[in-house]
Amino acid sequence: MIVCVSGADGCGKTTLVAELARALPASSVVTIWDLMAEPAARPIFATKAQLQAFLGCLAPESRSLFLMSCLKAAMERATSPVILVDSYWYKYIANEIALGGDPARL
C-alpha cells in the first residue's frame, strides 16, 4: 500500500506522515531527499547544499527527471508493506514550469 500525503507548503504533510508512521509501525517513510542517506551518494553529495548546487546547474526537465528518479528509487527501496510518501513533487514540477520547462513534458 502506498499512502501519498500531498499539500501546500506548511500545511502539515510531514507532521501527518510522522503520526501515520507512529500509528503504522510496519510502514516506511520516503521522501525525494532519501538519496542523501545512500552511502554511494555521500562522496558526490556530502551535504544537501551540494545537492542543491548541482540541481541548480541542470535545465528544468533534467532537474525534474533527477528528482522524480530519486523519489522512485526511495519508493523501490522501501521494504515494508506500507509506504508513506511525504510528497511535494507537484511543487517541483510547478517550479520547473515557472523556470521555462515544457509543461507537456513535465
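Just above, that's the structure.
These figures come from a predicted structure and were not determined experimentally.

## Here's the deal with helix H4 (residues 89–98)
Turn by turn, an α-helix covers 3.6 residues, leaving residues three or four places apart pointing in a common direction. Buried residues of H4: Tyr92, Ile93 and Glu96, and no others. Buried positions in H4, seen along its axis, are confined to an arc of 100 degrees and lie on one side of it. Here the buried face of H4 lies against helix H3 (60–77). Among the residues trailing H4, Gly100 stands out with phi positive, at a value near 105 degrees.

## Structural notes on the environment of Ser80
Here Ser80 lies in the loop between H3 and strand S3 (82–87). Sequence separation between Ser80 and Ser27 is 53 residues, and the spatial gap between their C-alpha atoms is 5.4 Å. For Ser80, the residues in contact, after removing those within four places along its chain, are Ala26, Ser27 and Ser28. A distance of 3.3 Å separates a polar side-chain atom of Ser80 from the backbone oxygen of Ala26. Polar side-chain contacts of Ser80 include one of 2.7 Å to the side chain of Ser28.

## Points about the sheet that holds strand S1 (residues 2–6)
Judged by pairing direction, the sheet is parallel, and its three strands sit side by side in the order S1-S3-S2 without closing on themselves. Either end of the sheet is taken by a strand with one partner, and the two such strands are S1 and strand S2 (27–30). With direction set aside, neighbouring strand axes in the sheet form an average angle of 20 degrees. Looking at chain direction, S1 and S3 are connected through five bridges and run parallel.

## So, the pattern of salt bridges
Under the definition given, this model contains four salt bridges. Among the salt bridges present, the one from Glu19 reaches Arg22, with a minimum N-O distance of 2.4 Å. Linking Glu19 with Arg22, this pair stays in helix H1 (residues 13–23), spanning three residues, or about one helical turn. Taking the relative accessible area as the measure of exposure, Glu19 reaches 42% and is therefore partly exposed. Given a relative accessible area of 59%, Arg22 falls into the exposed group.

Thresholds, definitions, all that
- Residues numbered from 1 in each chain as written.
- Predicted model: local features only at pLDDT ≥ 70, side-chain atom pairs only at ≥ 80, totals over all residues.
- Heavy atoms only, no water.
- Buried < 20%, exposed > 50% of the residue type's maximum accessible area, 1.4 Å probe, protein only.
- Helix = DSSP H or I, 4+ residues; strand = E, 2+ residues; numbered from the N terminus.
- Arc of directions from axis to C-beta.
- Contact = heavy atoms within 4.5 Å.
- Polar contact = N/O pair within 3.5 Å; in protein donor to acceptor, adjacent residues only side chain to side chain.
- Pairing = 2+ DSSP bridges.
- Axes fitted to C-alpha atoms, helices over the stretch in contact; angles between N-to-C directions.
- Salt bridge = Lys/Arg side-chain N within 4 Å of Asp/Glu carboxyl O.

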